[in-house]
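Close look at the chain arrangement
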Amino acid sequence: MSGSDGISRSWIDLHRVRASFAAPRTRVEEASLRAIARSLGATVVPLCVRELPGPPPRRAWALDLLRAVAQVADERVRIALREFAGRAGHDEATLAALALLAELGDEATAGRFDDPHQMHQQSLARFAHQLVSPAEIASAADLLVSRLAPDELVEFVEAFSEADPDRACALGDELAARVDLDVNARGELSRVTAPLRMATPADRPRRPARALGRPALLAGLRHPDGRVVIAVARRVTGESRWRSLAVLCGADGQLDSVRYADDTTPREVREAIVAPLVADGYQRFALTATAAQRLIAAAARCAVTSGKSLPSPYYLGRDLLGLADSHLAVGTDRDRAALLGRAIDLLAGGAPERARPLLERCVALSPDDPDAQAHLGLCRFRLGDFPAAVAALTRAAWLEPAWPLHHWNLAAAAHRAGDPATCARALHAFLDHAGDPLAHTIDASHGHRVALARRFLVDHGALRRGRADDHGLAPST
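Since the structure is predicted, the reported quantities are computational estimates derived from the model, not experimental observations. Residue positions are given per chain, counting from 1 as you read along its sequence in written order. Predicted model: local features are reported for residues with pLDDT of at least 70 only, side-chain atom pairs are reported and counted for 80 or more only, and whole-chain, interface and lining totals are derived from all residues. Only hydrogens and water are set aside when side-chain values are computed; all heavy atoms of the structure are taken into account.

This next bit is on the overall build of the protein chain. Summing up its helical and strand segments, the protein chain has 21 helices and 5 strands in all. For each residue, the accessible area found with a 1.4 Å probe, counting protein chains only, is set against the maximum for its type, and the residue is called buried under 20%, exposed over 50%, and partly exposed in between. By residue count, 45% of the 477 residues in the protein chain fall in the buried class. The contact criterion used throughout is that any non-hydrogen atoms of two residues lie within 4.5 Å. Long-range contacts, defined here as pairs at least 24 residues apart, represent 58% of the contacts in the protein chain between residues at least 6 apart. Numbered from the N terminus, helices here are DSSP runs of H or I no shorter than four residues, and strands are runs of E no shorter than two.

Structure representation (structure tokens):
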């Protein structure tokens, strides 16, 4: 073929690609057009980029073609997308360009947006739309753990909780269950998601959990030395692929290694895992899904208790047996502590109206917790509900009489509530315990509070007349 024939052919191919944006396409035609785009390489990139600001169907097709071209001209596609993302005026298209860049391994590029906040919310909404099944949530969590620092993870989930509380709660719980994540970050995640587990509004009901049903394959194999392997495969709903999980439990009862496949078949599991193990001396034994769940959960807990991290494939595939957080010691006390911690964070951050329902829930769960009662009292004080603050702080002082700050805060609340007698009694109790060596570790203002309390009690006239002068009485955390 002559040079002019080659140019003519390229022009025809380019014209076919251009025309494809305005015409309906079959799957066969799309496959052919992708092949044409790959053959054109960098030549077709400007055409596709120009289509990005267009209607969503044209944008989706342009991204599809750019993805295909990136197989042969990766750097040219990246350069074009970076240049496009750096121009303002097309927020939706910029977001799509950044998503493709991230898919191609470039996550450092920052786009220019006319409305950054709206784009951030849309990005979170799209992310949330992908989190439907436990497998998708586990996969997202695994990706986030590999890409973000622990403090960035917490910030992400906190922002996500405002966009989609239900899915943020599921994602936060998934991340908090990762024992390979920094323990402080896991604690912070529990604090962020604890409020999201409170009663869900009637107009946003939670979907009931779907029964797992019988797996397509479930095999238990035991070696004479005590090692046990459990393999399970389930078909993905609505798709012609299976997911599988194979777990090796050591002779010591600890989870040893895990193999996970996102796209496989029961036959492949039998041939690649079960048959070689049988050949290696493993013997099959009868096993139900419930028994498999118990065995793997016990092995995972045993490993975690001994200080080991669980491998990433375990988190990705454990939903195949409904394991969830079975590897952790879960309890109401931990949940209540996380809820209280989150409420204290909100209170300290100047959001008492958001902290109040969480603190009321903590007190309902544990009425004899002086910390919960004390912070509920402080919260009510900051909201101007002084009589209610007196009630909670009175309870805190009764539960923990040796801690002087409870009495000080009660005195401040009673004074603002117009109850000088309760104020005076609380200040006497404060002074009774102010000399405790531990009291001096509260903060540098402790001595100042002692002086104020003595001056206030000396001023009997002010107490009798209920004067508005507060003498500096203010609650303290």
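A few words now on the pattern of salt bridges. By definition, a salt bridge exists where a carboxyl oxygen of Asp or Glu is found within 4 Å of a side-chain nitrogen of Lys or Arg. Under the counting rule described, the total for this entry stands at 22 salt bridges. Residue Arg191 is joined to Glu188 by a salt bridge in which the shortest nitrogen-to-oxygen separation is 3.6 Å. You can see Arg191 and its partner Glu188 sitting in helix α10 (residues 183-193), 3 residues apart, about one turn around the helix. A residue is classified by how much of its surface remains accessible, and Glu188, at 33% relative accessible area, is partly exposed. Each of Glu239, Arg241, Arg243, Asp262 and Asp319 takes part in one network of salt bridges that share partners.

Right, let's talk about helix α16 (residues 370-382) for a bit. Taking 1.5 Å of rise per residue, 13 residues should cover 18 Å, and α16 covers 18 Å from first to last C-alpha, within 8% of that figure. Within α16, burial applies to Pro370, Ala372, Gln373, Ala374, His375, Leu376, Gly377, Leu378, Cys379, Arg380 and Phe381. Polar contact criterion, stated in full: a pair of N or O atoms within 3.5 Å, where within protein one must be able to donate a hydrogen and the other to accept it, and residues adjacent in sequence count only if both atoms are side-chain atoms. The residue sitting at the N-terminus of α16 and contributing the capping side-chain oxygen is Asp369; that oxygen lies 2.9 Å from the backbone nitrogen of Asp371. With its phi angle positive at about 85°, Gly384 sits one or two positions after the end of α16. Between the first and last residue of a helix there are one fewer steps than residues, each counted as 1.5 Å, and that sum is the expected span.

Let's shift gears to the nonpolar core. Among buried residues, the Ala, Val, Leu, Ile, Met, Phe, Trp, Tyr and Cys ones that are joined through side-chain atoms within 4.5 Å form a nonpolar core. Core analysis: the biggest nonpolar cluster contains 33 residues, and Val17, Val44, Leu52, Leu66, Val77 and Leu81 have the highest contact counts within it. Considering every element that reaches this core, the biggest residue donor is helix α4 (residues 56-85), with 13 residues. Leu66 has contacts with Val45, Cys48, Val49, Val77, Leu81 and Leu100, leaving out every residue within four places of it along the chain. One finds Val179, Cys249, Leu255 and Leu320 within the second-largest nonpolar core, a separate group that totals 26 residues.

Looking now at the sheet that holds strand β3 (residues 242-249). With antiparallel pairing, 5 strands are arranged side by side in an open sheet as β4-β3-β2-β1-β5. Two strands bound the open sheet, and with one partner strand each, they are β4 (255-264) and β5 (283-285). Taken over all neighbouring pairs, the strand axes of this sheet differ in orientation by 20° on average, direction set aside. Running at roughly 130° to β4, helix α12 (residues 289-305) makes contact with β1 (217-222), β2 (228-235), β3 and β4 of the sheet. Strand pairing follows a simple DSSP-based rule, namely that at least 2 bridges must link the two strands. In this analysis, axes come from line fits to C-alpha atoms, helices being fitted only over the stretch in contact, and the angle between any two N-to-C directions falls in the range 0 to 180 degrees.

A few words on the pairing of β1. Along any regular strand the residues' side chains alternate between the sheet's two faces. Pairing between β1 and β2: 6 bridges, direction antiparallel. By the bridge assignment for β2, Ala219 is matched with Ala231. Both β1 and β5 contribute to a ladder of 3 bridges, which runs antiparallel. Within the sheet, the bridge partner assigned to Leu221 lies in β5 and is Arg284.

The next point concerns the packing of aromatic side chains. Stacked, tilted and edge-to-face are the three classes applied to pairs of Phe, Tyr and Trp rings, where Trp contributes its six-membered ring and a pair requires centres within 6.5 Å; stacked means planes under 30 degrees apart, edge-to-face means over 60, and tilted covers the rest. Scanning the model with the defined rule gives 4 aromatic pairs in all. Where Phe381 meets Phe386, the ring centres are 5.1 Å apart and the plane angle is 70°; that geometry is what we call edge-to-face. In terms of burial, Phe381 and Phe386 fall into one category: buried. Judged by centre distance (5.2 Å) and plane angle (55°), the ring pair of Trp408 and Phe430 falls under tilted. Taken together, the residues span a long stretch of sequence, with Trp408 in helix α18 (residues 404-416) and Phe430 in helix α19 (residues 420-434) at a distance of 22 residues. The same class applies to Trp408 as to Phe430, namely buried.

Attention now goes to the environment of Arg361. If you trace the backbone, Arg361 turns up in helix α15 (residues 352-365). Measuring from C-alpha to C-alpha, the distance between Arg361 and Ala372 comes to 9.4 Å, with 11 residues separating the pair along the chain.

What follows deals with the pairing of β2. The buried fraction of β2 amounts to 7 of the 8 residues, a majority that puts the element mostly inside the structure. Linking β1 to β2, which pair antiparallel, is a turn of 5 residues; within it Gly226 sits at a positive phi near 105°. As paired strands, β2 and β3 are joined by 8 bridges and run antiparallel to one another. Bridge pairing in β3 places Ala233 opposite Ser244. Adjacent in sequence and paired antiparallel, β2 and β3 are bridged by 6 residues, among which Gly238 carries a positive phi angle near 75°.

This part covers α18. Spanning 13 residues, α18 covers 19 Å between terminal C-alpha atoms, matching the ideal 18 Å at 1.5 Å per step. Pro404, Leu405, His406, His407, Trp408, Asn409, Leu410, Ala411, Ala412, Ala413, Ala414 and His415 are the residues of α18 that are buried. Phi for Gly418, located one or two positions after α18, is positive at around 75°.

Okay, the side chain of His407 next. With respect to the element layout, His407 can be found in helix α18. If we skip the residues at most four places from it in the chain, His407 touches Ala397, Pro401, Ala426, Ala429, Phe430 and His433.

Attention now moves to the packing of helix α9 (residues 165-176) against α10. Contact geometry for α9 and α10: axes closest at 9 Å, N-to-C directions at 160°. Taken together, the axes of α9 and α10 lie roughly antiparallel to each other. Pair α9 / α10 crosses with left-handed handedness. On α10, the residues that touch Ala168, Cys169, Gly172, Asp173, Leu175 and Ala176 of α9 are Arg186, Leu189, Ser190 and Thr193. Gly is placed with the polar residues, together with every amino acid not listed as nonpolar (Ala, Val, Leu, Ile, Met, Phe, Trp, Tyr, Cys and Pro) or charged (Asp, Glu, Lys and Arg). Among the residues forming the contact of α9 with α10, the class breakdown is 5 nonpolar, 3 polar and 2 charged. Note on terminology: angles under 35 degrees are roughly parallel, angles over 145 are roughly antiparallel, angles of 65 to 115 are roughly perpendicular, and the others are oblique. Left-handed is the label given to a crossing in which the near helix is rotated counterclockwise from the far helix by less than a right angle, and right-handed is the label when the rotation is clockwise.

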